[in-house]
Amino acid sequence: MPNPVLHAVHVYPVKSLAGCTPGEAEVEPWGLSGDRRWMLVDPVGKVVTQRPHPRLALARAEPLPDGGIRLSAPGLETLTVAIPEPACTTGVEIWKDKVEAVEAGAGAHAWLSEHLGTEVRLVHLDEPAHRRPVDPKFALPGETVSFADGYPLLVATSASLGALNSLIAQGDHPDEGPLPMNRFRPNVVVDGTAPWAEDGWKRIAIGGVTFRVAKPCGRCVVTTTDQGTAERGKEPLRTLARHRRAGGQLIFGQNLVPERTGTLRVGDPVAILE
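Residues numbered from 1 in each chain as written. Predicted model: local features only at pLDDT ≥ 70, side-chain atom pairs only at ≥ 80, totals over all residues. Heavy atoms only, no water.

**Observations concerning the pairing of strand β8 (residues 76–81)**
Both faces of the sheet carry side chains from a regular strand, because those side chains alternate between them. Counted only if it meets this: Between any two strands, pairing holds if DSSP finds at least two bridges. Elements are defined by DSSP. Helices are runs of H or I of four residues or more, strands are runs of E of two residues or more, and each kind is numbered from the N terminus.
Both strand β7 (residues 69–73) and β8 contribute to a ladder of 4 bridges, which runs antiparallel. When the bridges of β8 are listed, I69 appears paired with V81. Hairpin connection, β7 to β8: the antiparallel pair is bridged by 2 residues, and G75 has positive phi, about 85°.

**Some details on the pairing of strand β6 (residues 60–63)**
Bridge count between β6 and β7: 4 bridges; the pairing is antiparallel. Bridging across to β7, E62 finds its partner in R70. Between β6 and β7, which pair antiparallel one after the other, the connecting turn spans 5 residues, and G67 there sits at a positive phi close to 95°.

**Here's the deal with the packing of aromatic side chains**
We count it as follows: Any two rings among Phe, Tyr and Trp, with Trp reduced to its six-membered ring, count as a pair given centres within 6.5 Å; such a pair is stacked if its planes are under 30 degrees apart, edge-to-face if over 60, and tilted if neither. Residue exposure (1.4 Å probe, protein chains only): buried if accessible area is under 20% of the type maximum, exposed if over 50%, otherwise partly exposed. Look at NZ for Lys and CZ for Arg. If either is within 6 Å of the ring centre and within 35 degrees of the ring normal, a charge sits over the ring.
All told, the structure shown has 3 aromatic pairs when counted by the stated rule. Their ring planes at 75° and their centres at 6.3 Å tell us that F138 and Y151 sit as a pair that is edge-to-face. One end of the pair, F138, is in the loop between β11 (121–124) and β12 (153–157); the other, Y151, is in the loop between β11 and β12, with 13 residues separating them in the sequence. Since its relative accessible area comes to 30%, F138 is described here as partly exposed. Aromatic rings pair up to connect F184, W196 and F252 into one cluster. If you follow K215 out to its NZ or CZ, it ends over the ring of F138, 5.6 Å from the centre. Sitting above the plane of the W196 ring, R244 keeps its charged end 3.9 Å from the centroid.

**So, the sheet that holds strand β18 (residues 262–265)**
Ordered in space as β3-β2-β18, the 3 strands form an open sheet in which the pairing is antiparallel. Where the open sheet ends on each side, the last strands, each with one partner, are β3 (31–32) and β18. Across 4 bridges, strand β2 (residues 24–28) lies against β18 in antiparallel orientation. The residue of β18 that forms the bridge with E26 is T263.

Structure (structure tokens):
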């Protein structure tokens, strides 16, 4: 088997919107640079995601060099959104975490509300070093995270996706496969491993950057959403429920916490340290 290498990097500037696949990305303590620094909230400040709103998959956020973003979606003119001035923060809620964030302008709110068909606001995480700690059950003191679900990065492997697709082909809904990796919205994808090898990892290095493997990633209904059409099916959750249960969750991929900063580049060697 060839030595593991970094196959792809994915950055999602706005939580639950389509992202981009750069050839390289900077690793910051709270995740990849620019990853999930923006988030949609409803009128009372609670996070809005693809879980109830699969149509979010059809909107795309492109990062800009100054930290702003460019939004695009079918039927709407492209919109550039600048980083808002952090003069005043507002309280928002992502799952059980209450976080201070800065609202974007009215134009961004209107654009996203029109796309989604319901009222939402766009907020920016201005101080990721202080705003939101990683779950203390799986973190070291002082570790923080962006607006990702719970951990700075998510790693998945091409071999495990291939194994999952083989299981789907043998199941009740073989016509739904094979599924692409974008169903799982990872930050980094590794080639050259055995299927499910990541289940045994504790520490890894990608290029010169080391990571602690915090816990397996529990999967939700977003994985059943076609990221190109926003249509939903039964897979992969039905197959994961049969073959990939752990701790009451359906798992695919592993959550990572950086031990140091640095640059990831597609083609970097991946070393399993523990």
